[in-house]
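Commentary on secondary and tertiary structure
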Amino acid sequence: MKTLFGILAYCIVATCVYSQEVADTVSVRVQYYALYKHTQEQKEAYDDINLLDIGRHSSRFYSQRFERFLHLRDSVKSVNTDPMSYLQFLANTFGSKKGREYEVYKHIPQRGTLTYTDVVHNDFSFCYEESIPTFSWELAEGDTIIIGYPCHKAVCQFRGRTWTAWYSLDLPFDNGPWKLGGLPGLILAASESRHEFSFVATGIEQMRQTATICFYPKRYLRSTPAKFQRLLEDYWKDQWNTTNRLQGSGYSEPPKAQRSFNACLMEKYE
Amino acid sequence: MRYAILFILLLTNLSLSAQTFTGKVKGKQGELLVGASVVASTESKSTVAYCLTSDKGEYKLTIPKGKNPASITASYIGYQKKTMPFADLKDGMTITLVEGDFQLKEVKIKAERIKSSGDTLTYSVAGFRQGQDRSIADVIAKMPGLEVKADGKVEYQGKPINKFYIEGLDLMGSQYGVANQNISADKIKSVQVLENHQSVKSLRGVSFSEQAALNLVLKDDAKAVWTGAADIGLGYGDDFLYDFRLMGMRFNKKYQTLMMYKNNNIGKQLDNEVLDLAALLKGRTGSESGFLSMMSVAAPDLADNRYTFNNSHLVAGNWLWKTGKDSELRVQGNGFIDKTDMQDYSSSTYLTLTDMPVIVEEQNVSNTRSEWKGEANYQYNGSKSFIKNNLKGYIDFNKSVGTMMYNGQRTDMMVKPHKRSITEDFQMSHTTAKGNIYNVESYLTYSYLPGQLLTIGGMTERLNLGFFSTQNEMQYKLKVGRHYLNNELGMNYDYQSIGVAMDEEAEKTNVYQLLRMYWYPSMSFLFGKHRIGIKSKISYARQSYRESRSNHLWIDPAVGWNWKATVVSEFSANVGYANAPLMGRSIYDTPIFTSYRTQKVNRGKTDATHALHATAAYKYTNPVSGLFFNLRPSYNRMSGNILYESAMNGNIYTMTATDKEYAMQTIGVSGRVSKSFGWAKTLVSLGASHMVTDYCMLVSGIVNDARMNTTSVSFNYSLRPARFLSVEGKSNVNIYKQKNLTAPELSSDPTTDWEHLLKLYVFPAKGWMLSVKNELFHTNDKSIGVNHFLDLAIGYKAKRWELSVTANNLIGTSEFERRTLGNTIEWYSITRLRPREVLAKWCLDL
């Protein structure tokens, strides 16, 4: 049985690798309930459901909702190739809870590297690579229980925000939501001081069916952290012209009703 | 004793400075464990210090000053945790872990329940809690894949989106930039996509269009509130000018109303601002029009508000009642009244007559339009079924009256192309327990067109047209293996009665009938990154006109392919073949005047045209580098076109259909490259297209082959050199060459038209805007001078109101001369233009 499983896993990995994609099998999946803000002007945070897939040598953090939306979109596209039907589908799902589009891949493409992907304006997929960040956690007094696991507290400053994390020593994974990690146990909850971003674990499972972590570099436009941060800031300031620029159209007077926002970024690169 | 004190000091010293322990963590087989955790904890289990092993399996644990841990725990996934007393830890120690099964205390991961929207016709109730507090501009322009240009033109994947409507009414006008601020995004329930939308630009010969439009459907709001907008514009040119708009909306839990009144005499078109919702939602391209049309001005390539002398009023209303939890009744009505004056001069040369006679016409006509439409729409939107019924009526009292100088001879003009129609459209959609979806639709329309036309001979032609059409179809999806087969079964029937009489004579009536039954399967596949769609319409058609009958079995296949090769490159291609029967207007064999001096007679035999089309496209989109490129070749061949023999019988130009037919073939290619630069947010683009059309004409009974070459090149640029200044410009040239290959002396001279546009926007202070627009037109014809237009505008925008002053045509260009080349005719025209005008406008949100 084990050998069969091994062959199957190898085949899946092989197909991914053959198409120049990096792959891993998922051993543990953690679900988080997240709160976030897009702009500094919004009064209440939005919510999302995230999943952290931990593999043998890499991990992937993504939105469960957005993953489901993509499956639905792909099935619509496969049933009907008419671009107008796709537009109709987008019109029907407009405004519904689609989930946040960013994903964090740790130790992909190789150990020590982090790949971050995001989608701007539903159309433009970008990715950038950076080294796995180092966190200078300060251990703090405090204990709590999250999904049945006793957790300890740690605090650190990371790229402009003060994060408070709760980690469990019973789950010896150097991992956590988003880019967080570097603690001797899995981070089951994290929040930052301005109450603009937070994550709380709501479920954890050992993966019995085969699930893989596959990164498809060909789907993304390569950028850098600084360039991408600039793009997000520009986008919220003037959505009209930023999308025009991304599509190849020139500057034009934005509609009277457009509002300018200040992006609420999870991290700030200097 | 001294040694004891020293020993104690040494001991205490140890706990007063940070201690560092290094070593390795290994497994039983000696394998290095990377990323293992080594944690120092107190007795109460709180963490004192920790570290994670490096790539070489090495740990470096630093115990901070003053901390006294009780134990050390080393752990790693897949191995059993090892705990030892702190005292046992020695510097340089290798901690060995034994393999063990990692048992998780699982907490079930739940999937969220998504509300399924069931069938494809249901408009999902979108939850806007998650959306941004966006404006309408955002809702519309930010629909993924939509590209909005500055002039309001919007494209989705190369197909232009014509218009944006709210509840079927175009409240935003033709200028998209003036998006209505009253309706914020949280009032929008859903967005409808209307395919094959045709904005009524009737007289230009734009019939079928592959364009789409978006319609926003509003939510019923719990709070009863009135909102609205008012625009008041007053000005002076040759005479007083006015431009008003008054719009009010009220939202209730069970009732919602939208009412609008617009009028202007500054040349703005209002008749295409109210949407024919039912027809457009189903992709019907427009109601049946008769053989007569109102007089028109030879339309130059200018914006129509430069040469339209109108006096238009439009009143429109839209009321919605919630009749049940899932049902609603909507009533829409509108009336359009307009009086437009036209004066122009044109000289036409017929390329189909050997002596190429020139006809000079000077018209002085006024068009009076009075068009009234009413529509009632009932909709039931349940979880398993969807029912929609639409009843529509239309009546108009349009007429064109005036005088014409025809080659120096004065003649009176009168056309009354009246139309009355009633349409009933029923749709039902049902989702079975297994998830299969069935759609049924039945559409009936009857149009009665009693037209009148005064001919150049002084006789009045009376037309009596009665067109009845019904289209019925059923659609269902079948699962075939992994794919879906879409099926459509339909039956269409048309009955067209054409009656014509001159003056007091008896009416001659003939009837054309068409029965068409079809099966239309379609399927799409996904092979890796290739998307392929195959569809084929298989139909049996039976036509009859008087004694002529024909039966056909037609197969109309179409294949589409799309390949997103990389994230920046995309290839696509489409090939298809279509058979189209000739309808009554192309078959009737009684001579009918279609204009005051043109008479046409067809063959009286049922027939069809056949068209083959093939297009391909390559698109390169790289937003990171700012380079965009596309190339689109296309091929089109239509056979079965009737060859008409032209003759001048006195003053009347007659076109008589012969038995000869010809094929028209068009080959073309278009391309565009654009690049954006960081400096001053500049974008430049260069586009070009070339099309060659081969066709035939009959000249004195001999078939002449002819060719029309159309070439156009355009250069666009836009930049924002400073915060307060933005510049936009374009230059383009169109070259038309028509050649008669059989009798080259009958070819016409080529025409080259140039257009240059430069727009400057200045933003001197917050809320202020100054704009200057410069347009220059010139051609290769030296006798036609250069036409120059200059428009100025200054405006101030506050939160709830906006004031602007515009001065149009400052130079005072009064006439626009141009030469136009068509397939069988060449025109030279002089169009009267609106003079220098100033308009002050105040827009207010109520």
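Each value, and the rule that gives it
Residues numbered from 1 in each chain as written. Chains lettered and ligands numbered in written order. Predicted model: local features only at pLDDT ≥ 70, side-chain atom pairs only at ≥ 80, totals over all residues. Heavy atoms only, no water. Helix = DSSP H or I, 4+ residues; strand = E, 2+ residues; numbered from the N terminus. Buried < 20%, exposed > 50% of the residue type's maximum accessible area, 1.4 Å probe, protein only. Contact = heavy atoms within 4.5 Å. Pairing = 2+ DSSP bridges. Axes fitted to C-alpha atoms, helices over the stretch in contact; angles between N-to-C directions. Salt bridge = Lys/Arg side-chain N within 4 Å of Asp/Glu carboxyl O. Phe/Tyr/Trp six-rings, centres within 6.5 Å; stacked < 30°, edge-to-face > 60°. Core = buried A, V, L, I, M, F, W, Y, C linked by side-chain atoms within 4.5 Å. Parallel < 35°, antiparallel > 145°, perpendicular 65-115°, else oblique. Nonpolar A, V, L, I, M, F, W, Y, C, P; charged D, E, K, R; others polar. pLDDT = per-residue confidence, 0-100. Patch = residues over 30% accessible without salt bridge, like charges linked within 9 Å, V, L, I, M, F, W, Y side chains within 5 Å. Areas by Shrake-Rupley, 256 points an atom, 1.4 Å probe, with all protein chains shown as cover. Expected span 1.5 Å × (residues − 1). Arc of directions from axis to C-beta.

To continue, consider the overall build of chain B. Along the backbone of chain B there are three helices and 45 strands. Here chain B, with 846 residues, has 47% of them falling under the buried criterion.

What follows concerns the overall build of chain A. Within chain A, the secondary structure is distributed over five helices and 13 strands. When contacts within chain A are restricted to residue pairs at least 6 apart in sequence, those whose partners lie at least 24 apart make up 55%.

Now for the sheet that holds strand S1 (residues 19-27) of chain B. Residues and elements named next belong to chain B. Taking strand neighbours across the sheet as the criterion, the three strands line up as S4-S1-S7 in an open arrangement whose pairing is mixed. The strands lining the two open edges of the sheet, one partner per strand, are strand S4 (58-63) and strand S7 (93-97). Geometrically, the sheet is characterised by an average inter-axis angle of 35 degrees between neighbouring strands, direction not taken into account. Alignment of S1 against S4, held across six bridges, turns out to be antiparallel. Looking at S4, one finds that threonine 22 is bridged to lysine 60.

Turning our eyes to something else, we now look at the sheet that holds strand S5 (residues 71-75) of chain B. Residues and elements named next belong to chain B. One open sheet accounts for four strands, arranged S3-S2-S5-S6; its pairing is antiparallel. Looking along the sheet, the strands with just one partner apiece sit at the ends: strand S3 (47-52) and strand S6 (82-85). Direction aside, neighbouring strands of the sheet carry axes that sit 15 degrees apart on average. In terms of strand pairing, S5 meets S6 through four bridges, oriented antiparallel. In the sheet register, alanine 74 faces S6, and the bridge partner there is lysine 82.

Residues and elements named next belong to chain A. Tracing the chain through its elements places proline 177 in the loop between strand S9 (161-168) and strand S10 (186-192). On a C-alpha basis, the gap between proline 177 and alanine 190 in space is 7.7 Å, while along the polypeptide they are 13 residues apart. Aside from chain neighbours lying at most four places away, what touches proline 177 is Tyr32, Phe61, Ile187, Ala190 and Phe199.

All names here are of chain B. Two strands pair when backbone bridges link them, and strand S31 (residues 592-595) and strand S32 (residues 598-601) are joined in this way by three bridges, in the antiparallel orientation. Counted as the bridge partner of phenylalanine 593 is glutamine 599 from S32. Turn length for the S31-S32 hairpin, with the two strands adjacent in sequence and antiparallel, is two residues.

Residues and elements named next belong to chain A. Within this structure, the stated rule accounts for 36 salt bridges over all chains. The partner of arginine 230 in a salt bridge is aspartate 234, and the shortest N-O contact between them spans 4.0 Å. Here the residue arginine 230 and the residue aspartate 234 both occupy positions in helix H4 (residues 225-237), the gap between them amounting to four residues, near one helical turn. Judged by relative accessible area, aspartate 234 falls into the partly exposed class, the value being 22%. Each of Glu130, Arg159, Lys179 and Glu267 takes part in one network of salt bridges that share partners.

Before going further, it helps to examine the side chain of Asn630(B). Residues and elements named next belong to chain B. With respect to the helices, strands and loops of the structure, asparagine 630 is situated in strand S34 (residues 627-649). On the basis of relative accessibility, which here comes to 18%, the residue asparagine 630 falls in the buried class. Each residue touching asparagine 630, except ones within four places of it in the same chain, is listed here: Tyr618, Lys619, Ser670, Gly671 and Arg672.

Next up on the list: the packing of aromatic side chains. Note on aromatic pairs: each is described by the distance of the centres and the angle between the planes. Residue and element names in this part refer to chain A. All told, the structure shown has 37 aromatic pairs over all chains when counted by the stated rule. With centroids separated by 5.8 Å and ring planes inclined at 50 degrees, the aromatic side chains of phenylalanine 126 and phenylalanine 228 adopt a geometry described as tilted. Note that phenylalanine 126 is positioned in strand S6 (residues 124-131) and phenylalanine 228 in helix H4, a separation of 102 residues in sequence. A single burial state applies to phenylalanine 126 and to phenylalanine 228, both of which are buried.

A word on the nonpolar core. Counting residues in each nonpolar core, the largest one holds 62 residues, and the members touching the most others are Val30(A), Trp137(A), Trp163(A), Leu171(A), Trp178(A), Leu186(A) and Phe199(A). Discounting chain neighbours no more than four positions away, the residues touching Val30(A) are Asn50(A), Leu51(A), Leu52(A), Ile54(A), Leu186(A), Ala201(A), Gly203(A), Ile204(A) and Ile109(B).

Let us look at the packing of H4(A) against helix H5 (residues 239-247) of chain A. Residue and element names in this part refer to chain A. Relative orientation of the contacting elements H4 and H5 amounts to 130 degrees, with a least axis distance of 5 Å. Considered as vectors, H4 and H5 are oriented oblique to each other. Residues Leu231, Asp234, Tyr235, Trp236 and Lys237 of H4 pack against Gln239, Thr242, Thr243, Arg245 and Leu246 of H5. Along the lines of polarity and charge, the residues of the contact of H4 with H5 split into four nonpolar, three polar and three charged.

What follows deals with H5(A). Residue and element names in this part refer to chain A. In terms of residue burial, H5 counts as a mostly covered element, since eight of its nine residues are buried. Among the residues of H5, Gln239, Trp240, Asn241, Thr242, Thr243, Asn244, Leu246 and Gln247 are the ones counted as buried. Looking one or two residues beyond H5, the residue adopting positive phi is glycine 248, at roughly 95 degrees.

To continue, consider the confidence of the model for chain A. Of the residues in chain A, 80% reach a pLDDT of 70 or more, and the chain-wide mean stands at 84. Contacts for the low-pLDDT stretch residues 14-19 of chain A, under 50 throughout, to residues beyond four places or in other chains number three contacts.

Moving on to a nonpolar patch on the surface. All names here are of chain B. A cluster of nonpolar side chains, namely Leu246, Tyr261, Val315, Ile337, Trp372, Ile395, Phe397 and Leu846, defines an oily patch on the protein surface of about 680 Å² accessible area. Its location among the elements puts isoleucine 395 in strand S19 (residues 385-396). A relative accessible area of 31% means that isoleucine 395 is categorised as partly exposed.

Moving on to unusual backbone geometry. Trans peptide bonds make up the majority, and among non-glycine residues the majority have a negative phi. Omega for the peptide link from Ile108(A) to Pro109(A) comes to 5 degrees, which places this bond in the cis form. By secondary structure assignment, the location of Pro109(A) is in the loop between strand S4 (103-106) and strand S5 (113-120). In this structure, Trp178(A) takes a positive phi of about 55 degrees despite not being glycine. Note that Trp178(A) resides in the loop between S9 and S10. The phi torsion at Asn407(B) lies on the positive side, around 50 degrees, for a residue other than glycine. One can find Asn407(B) in the loop between strand S20 (399-406) and strand S21 (409-417). The partly exposed category is assigned to Asn407(B), whose relative accessible area is 43%.

So, about H4(A). All names here are of chain A. Here H4 spans 18 Å end to end across 13 residues, near enough to the 18 Å set by a 1.5 Å rise per residue. Within H4 the residues assigned to the buried category are Pro225, Phe228, Gln229, Leu231, Leu232, Tyr235 and Trp236. When H4 is viewed along its axis, its buried side chains cluster within an angular range of 155 degrees and face the same direction. Exposed residues pointing more than 90 degrees away from the buried face of H4 are listed as Ala226 and Arg230. Contacts made by the buried residues of H4 are with S5, S6 and H5.

Segments scoring low in pLDDT should not have their predicted coordinates read at a detailed level. Residue and element names in this part refer to chain B. Considering every residue of chain B, the mean pLDDT works out to 82; 83% of them sit at 70 or more. When pLDDT is averaged over each element of chain B, strand S26 (residues 508-519) comes out on top at 94 and helix H2 (residues 136-141) at the bottom at 54. Here residues 173-182 scores under 50 on pLDDT; set against residues more than four positions off or in separate chains, the count is 33 contacts. Model confidence for the complex: the whole-complex pTM is 0.77, and ipTM, which rates the interface, is 0.81.

To continue, consider the pairing of strand S37 (residues 702-722) of chain B. Residue and element names in this part refer to chain B. Here 17 bridges tie strand S36 (residues 682-699) to S37, and the two strands are oriented antiparallel to one another. Its bridge partner being in S37, alanine 688 is matched across the sheet by valine 713. Between S36 and S37, which pair antiparallel in sequence order, lie two residues; one of them, serine 700, sits at a positive phi of approximately 50 degrees. Inspection of the sheet shows S37 paired to strand S38 (residues 725-740) by 15 bridges, in the antiparallel sense. Residue pairing across strands places phenylalanine 715 opposite serine 731, the latter belonging to S38.

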